[in-house]
Amino acid sequence: MNQINESKDFIYRKLKITDDNEFKNLFYSCFHRNVSFEFFKERYFNNKPSFCYGIFKSSRLIANVGLVSLILNNKNKEKILSRHSSMVLKKYRNRGLFSNLSKKVISTISKKIRIIAMWPNKNNLSNFSIEKKYIIKKKYFLYKTSLKTTSLKKLPNYNIDELKKFKKFIQSNNSFFLKNFTYFKKRYLLYKKNEYFINKFEKKQLKSFFILKRNKDKSGLNYVVLDHFGSEKIKSIHLKYLIETQDKLIFLSKNKINKTNIKILDFLYFKIGLIKKFTKKQQQSILLNQDIYLGDTDIFITY
């Protein structure tokens, strides 16, 4: 690795909303996807204390990390940051820049934040300058069904605008992140809400709800399971029904599945970085039997 020495040519700072074109240019260069001003604004400026921190060479953004503010679903309702939009311009990769950027960000947030959640992308597998012994890692599998049946029309489906109608069912659940009505409203009603809908399932007077996204790719229209609220007791029954009866359903699983009608698309790691020291018992309790959803990631977000 050829380390880059600190230089007057490099400026480390938080991004301003007027840096949107630089952010969009770097994003396209790294991921070959266009990103809208609305996404940039909603994700990093309307959701305080979320922010982006970058490295500029002259006026050009050459590296960036985005941090989204979330709340941990535990007794303390602790604020944490989730890392997104991690990117370095290709010509500056493997030269120590992202490591330098990570250290500056950690220094900025360490007085208020103890935990960072990370979904590594293929261009960035960094632990964010956190020692390996303070990283908790879990592997997940991404699957897609291949069936001749479609069951979504057989169950009640609702426009995402009707979320308020089901507010009483949005309570503390088994999710790793705290997901109350405010969370669901910000996540699914304020940006590209036309892409989402609610699927409802009932059994023995219990009600389960999945939020799905209509997603188009080269194979056509498919459906992505993004989030859940409602009864935890019948959640697995609801999901199993969808998996066994709905064609082109994309879902995340903790377990490896070997079935001819279910194709693995990818696997991904969810990492928890502990900025401050935790006891071994505290470390073991983090992510213990708690759920992670595709809606927690950027994989299927429309930029």
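Please refer to the structure placed before this passage.
A short tour of the structure in this document, coming up. This one's a predicted model, so the numbers in the text were calculated from it and none came from an experiment.

Cut-offs applied
- Residues numbered from 1 in each chain as written.
- Predicted model: local features only at pLDDT ≥ 70, side-chain atom pairs only at ≥ 80, totals over all residues.
- Heavy atoms only, no water.
- Buried < 20%, exposed > 50% of the residue type's maximum accessible area, 1.4 Å probe, protein only.
- Helix = DSSP H or I, 4+ residues; strand = E, 2+ residues; numbered from the N terminus.
- Arc of directions from axis to C-beta.
- Contact = heavy atoms within 4.5 Å.
- Polar contact = N/O pair within 3.5 Å; in protein donor to acceptor, adjacent residues only side chain to side chain.
- Phe/Tyr/Trp six-rings, centres within 6.5 Å; stacked < 30°, edge-to-face > 60°.

Those residues of helix α4 (residues 181–188) that fall on the buried side of the exposure criterion are F181, Y183, F184, R187 and Y188. Looking straight down α4, one finds that the buried residues subtend no more than 160° of arc, so they occupy a single side. Its buried side turned inward, α4 meets β3 (60–71), β8 (196–203), β9 (206–217) and β10 (220–230). Where α4 starts, the residue carrying a side-chain oxygen 3.3 Å from the main-chain nitrogen of T182 turns out to be N180.

Turning next to the environment of K153. Within the fold, K153 resides in the loop between β6 (135–145) and β7 (157–159). Using a relative accessible area of 76% as the deciding quantity, one classes K153 as exposed.

The next point concerns the packing of aromatic side chains. Under the defined criterion, the tally for this structure stands at 27 aromatic pairs. Note on F40 and F45: the rings are 5.1 Å apart at their centroids and 65° apart in plane angle, and the pair reads as edge-to-face. Of the two residues examined, F40 and F45, each falls in the buried class. Aromatic side chains F166 and F209 sit 4.7 Å apart centroid to centroid with 40° between the ring planes, which places their arrangement in the tilted category. One end of the pair, F166, is in the loop between β7 and α4; the other, F209, is in strand β9, with 43 residues separating them in the sequence. Judged by its relative accessible area of 4%, F166 falls in the buried class. Among the aromatic residues, those joined into a cluster by ring pairs are Y158, F166, F169, Y183, F184, Y188, Y196, F209 and F229.

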